[in-house]
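Architecture at a glance
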Amino acid sequence: MVAVIWEIAAKLDEDRVPAEVSNSVWVEMPAKRLRGPGGRTDNVWLRECLDRLTKVAVSGEYQGKPWGAVVLAEWEISEGGSLVRLLIPPSGVQTFRTPETFAKIEAHAAHRLTGHARRLYAILADKKRLGRPNWTFQLSELRALMNVGEKRAYSDWWQFRKRVLNPSVEAINDFGTVSVKMAPQKLGRSVHAVRFDWQWKDPRDATETAAQNERHSAARRRDQASTDAPPMIEDQDQAEPALTWWGRLTSSERDEWAELVGRTFKAGGKTYPRRDTDIARKAFAQIESG
């Protein structure tokens, strides 16, 4: 379903649908695009995904008035199963299109990943939603998840790492909204599993990533030459002391603090991952209190 959300967000972007609309918007897309490369040739799974999206609710408060709505109001498949029409309500459009919405920024960045990198991003994103900071995959399981289990060329670990995993991790770290580290796990002299550690970016950082992704690849991460481009906030102090302090820590120091203050919290009987900003503030508060 994550891939379907990415494609809908990308289509709205291509059609230049503004974030603020007064009426619901009909979007037409080829069913094949929503099924994704390597997906089923029928629409059984796609129909289930679209049905689930009609039950995904968003809510908020605007000018003191609470509101709530679904992301997808209606869907239909026509042209012998080849064309999908989606009715997206105004609040759903805003959810997909507003840059400040972290979910949208994540989808926006991830859509620019291709091939193996996009598949790996989706795999890690699913594990991240469990509130985990890392995950270890058996090598055979990882090959299957990356859709290369049947390819003899990748049965060799070094070829699999060189041609599939290394380029994917590099692309995710460059374009995605997460910093990923990969570590092979050995049993004797042979690699039998791969561990991935990740740190999902805070929405402030993700906004900067999205702005960078809009720039040409030759210009990304370079100094801003003019004021008409999206502002670059890299290497600038945050207005909030806790975030300034946090930004100057090393990755290992952040990991230590995250473990100390807790990466997750409980609310309503459920466990949720803490945002980086919340971890930073809790850690900084402990420093301040002595």
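Refer to the preceding data block for the structure.
My aim in this report is to walk through the structure given alongside it, one point at a time.

Calculation notes
- Residues numbered from 1 in each chain as written.
- Predicted model: local features only at pLDDT ≥ 70, side-chain atom pairs only at ≥ 80, totals over all residues.
- Heavy atoms only, no water.
- Pairing = 2+ DSSP bridges.
- Helix = DSSP H or I, 4+ residues; strand = E, 2+ residues; numbered from the N terminus.
- Axes fitted to C-alpha atoms, helices over the stretch in contact; angles between N-to-C directions.
- Contact = heavy atoms within 4.5 Å.
- Phe/Tyr/Trp six-rings, centres within 6.5 Å; stacked < 30°, edge-to-face > 60°.
- Buried < 20%, exposed > 50% of the residue type's maximum accessible area, 1.4 Å probe, protein only.
- Core = buried A, V, L, I, M, F, W, Y, C linked by side-chain atoms within 4.5 Å.

1. Comments concerning the sheet that holds strand β5 (residues 83-88)
- Pairing is antiparallel in the open sheet, where three strands are placed in the order β1-β5-β4. The strands lining the two open edges of the sheet, one partner per strand, are β1 (25-30) and β4 (74-78). Neighbour-to-neighbour, the strand axes of the sheet open up by a mean angle of 20°, direction not taken into account.
- Here β1 pairs with β5 via six bridges, running antiparallel. In the strand pairing of β5, proline 30 is matched with leucine 83.
- Strands in contact with helix α3 (residues 44-53) are β4 and β5; relative to β4, the strand with the most contacts, it is inclined by about 160°.

2. Quick look at the packing of aromatic side chains
- Summed over the entire model, instances satisfying the criterion amount to six aromatic pairs.
- Judged by centre distance (6.4 Å) and plane angle (70°), the rings of tryptophan 157 and phenylalanine 160 are edge-to-face. Taken together, the residues span about one helical turn, with tryptophan 157 and phenylalanine 160 both in helix α8 (residues 157-175) at a distance of three residues. The pair formed by tryptophan 157 and phenylalanine 160 is uniform in burial state, with each residue classed as buried.
- With 5.7 Å between their ring centres and 75° between their planes, tryptophan 245 and tryptophan 257 make a pair best called edge-to-face. Residue tryptophan 245 is found in helix α10 (residues 241-247), and its partner tryptophan 257 is found in helix α11 (residues 251-261); the two are separated by twelve residues along the sequence. In this pair, the class of tryptophan 245 matches that of tryptophan 257, namely buried.

3. Topic: the pairing of β5
- Two strands pair when backbone bridges link them, and β4 and β5 are joined in this way by five bridges, in the antiparallel orientation. Bridge pairing links glutamate 76 to arginine 85 in β5.
- The antiparallel pairing of β4 with β5 creates a hairpin that spans four residues between the two strands, and glutamate 79 there sits at a positive phi of about 55°.

4. Considering the nonpolar core
- One finds Phe160, Leu165 and Phe196 to be the most contacted residues of the largest nonpolar core, which totals 29 residues.
- Only α6 (115-128), β6 (134-138), α7 (139-145), α8, β7 (178-187) and β8 (190-200) provide two or more residues apiece to this core.
- Once residues lying within four places of it in the same chain are set aside, the contact partners of leucine 165 are Leu142, Trp157, Phe160, Met182, Val194 and Phe196.
- By size, the runner-up hydrophobic cluster in this structure holds 21 residues, among which are Ala9, Cys49, Ile88 and Phe96.

5. Examining the environment of leucine 260
- The residue leucine 260 is located in helix α11 in this model.
- Leucine 260 gets classed as exposed once you look at its relative accessible area, which sits at 55%.
- In the structure, leucine 260 is positioned 19 residues away from isoleucine 279 in sequence and 9.5 Å away in space, judged by C-alpha atoms.

6. Considering unusual backbone geometry
- Even without being a glycine, arginine 16 presents a positive backbone phi close to 55°.
- Considering the arrangement of structural elements, one finds arginine 16 in the loop between α1 (2-14) and β1.
- Residue asparagine 147 is not a glycine yet carries a positive backbone phi of 65°.
- As for its position among the elements, asparagine 147 is in the loop between α7 and α8.
- Note on asparagine 147: relative accessible area 46%, which makes it partly exposed.

This is a description of form; function is not addressed.
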